[in-house]
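Residue-level listing of the chains:
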Amino acid sequence: MHKRVLGNTDMRITPIGFGSWAIGGGGWAYSWGEQDDGDAVEAIQRAVELGVNWIDTAAVYGLGHSEELVARAVAGMKHKPYIFTKCSLVWNEQRQITNNLKPESIRRECEASLKRLQVDAIDLYQLHWPNPEADMEAGWQEMARLREEGLVRHIGVSNFSVAQLQRVMAIAPAASVQPPYSMLRPAAEVELLPFCLEHNIGVIVYSPMLSGMLTGAMTRERAAQFSVDDWRRQNKEFQEPRLSANLELVELLKRIGAPHKLSPGEVAIAWTLRNPAVSGAIVGGRNASQVEGIIGAGEFRLSQQEIGIIDLHIAGMPK
């Protein structure tokens, strides 16, 4: 896969990165349900074999377990991928999650992530959420200190607005921002993506397939049978009336992908990559087969005609 420079960093990343939210396993607030650890490790290793050169994780995914699986998967690799992780969501012994941007908390989280990931420095360390907002500047100052000390190589943010991004940029530059972005969540196009393009800030988007909705594997039956600890049970996109409208969009993506021998998910990912502000898309995979089903998006480019057909369909969907 060709590579793109991530913002103002020296990192050249593939258009697709491996997202490790879902592999964290069950038993926590934003779980995707139970996960076989062996399948998770194989998924990461297959992604790297196919050319993916970065992994995005977070301390909170599986309450530390996702980071441990990433370390297990890349151990022994001659050419290891970049590892990106996030902080600011912490948990207690009762597995309750809270937001914390206090400098001392961020430092503790960084040290814990370094240990779980078994690395000397994190390639990209990101504030996961801008909450509590009153502590944002103090938290970002600590992120800058971690970079100066060499514990992290680059610092970025996730789920920040332009106004919030400007506040931290007054303290230290941000290498990247990580927003949700997909055909069904295009809000970042209005202000955030143009701002990042203008200021040379890298953008790595998450949920380009809207958490599995646009993969082509989602059905009404599957949505109705989500496990009790799958957070998507409460997501309106997986409930009527949006569910039917979303599945109709998937049928369109199937028709567009078919001549190229690509899945609906690959078309959905390529749609996000068409935007010049986007450096890369985070794509999850819970086993090697799922990874193989999305890798084609890394090189595929939608034609203007195909983009027009998709955008016209989206414009007609219920809001």
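Look up a bit, the structure's there.
Residues numbered from 1 in each chain as written. Predicted model: local features only at pLDDT ≥ 70, side-chain atom pairs only at ≥ 80, totals over all residues. Heavy atoms only, no water.

J.: Is there a simple way to explain the packing of helix H4 (residues 136-148) against helix H5 (residues 162-169) in this structure?
T.: Between H4 and H5, the shortest axis-to-axis distance is 9 Å and the interhelical angle comes to 55°. Taken together, the axis directions place H4 and H5 in an arrangement best described as oblique. Crossing hand, H4 versus H5: right-handed. Each of Met136, Glu137 and Trp140 in H4 lies in contact with H5, whose residues at this interface are Gln164, Arg167 and Val168. (Axes fitted to C-alpha atoms, helices over the stretch in contact; angles between N-to-C directions. Helix = DSSP H or I, 4+ residues; strand = E, 2+ residues; numbered from the N terminus. Parallel < 35°, antiparallel > 145°, perpendicular 65-115°, else oblique. Left-handed = near helix turned anticlockwise from the far one by under 90°. Contact = heavy atoms within 4.5 Å.)

J.: Explain the pairing of strand S5 (residues 82-87) to me, please; I cannot follow it from the model alone.
T.: Every other side chain in a regular strand lies on the same face of the sheet, so the side chains alternate between the two faces. Across the six residues of S5, five count as buried, placing the element largely inside the fold. For strand S4 (residues 54-56) and S5, the ladder comprises three bridges, and the chain directions are parallel. Bridging from a neighbouring strand, Ile55 pairs with Ile83 of S5. The β-α-β motif built from S4, the intervening helix H2 (residues 65-74) and the parallel element S5 has right-handed crossover chirality. Here S5 pairs with strand S8 (residues 124-127) via four bridges, running parallel. Looking at S8, one finds that Phe84 is bridged to Leu124. (Buried < 20%, exposed > 50% of the residue type's maximum accessible area, 1.4 Å probe, protein only. Pairing = 2+ DSSP bridges. Right-handed = clockwise from strand over helix to strand, strands pointing away.)

J.: Any chance you could explain the pattern of salt bridges here in plain terms?
T.: A side chain with one charge may pair with a side chain of the opposite charge, provided their charged atoms come close. Per the counting criterion, the structure on display carries 16 salt bridges. Between Glu142 and Arg145 there is a salt bridge, with its nearest N and O atoms 2.8 Å apart. Of this pair, Glu142 and Arg145 both sit in helix H4, separated by three residues, roughly a single helical turn. According to the relative accessible area criterion, Arg145 is partly exposed, its value standing at 34%. A salt bridge links Glu237 to Arg242; its shortest N-O distance comes to 3.0 Å. On the basis of relative accessible area, Glu237 is assigned to the buried category, the value being 2%. Three or more residues joined by partner-sharing salt bridges are found here, namely Arg107, Glu142, Arg145 and Glu149. (Salt bridge = Lys/Arg side-chain N within 4 Å of Asp/Glu carboxyl O.)

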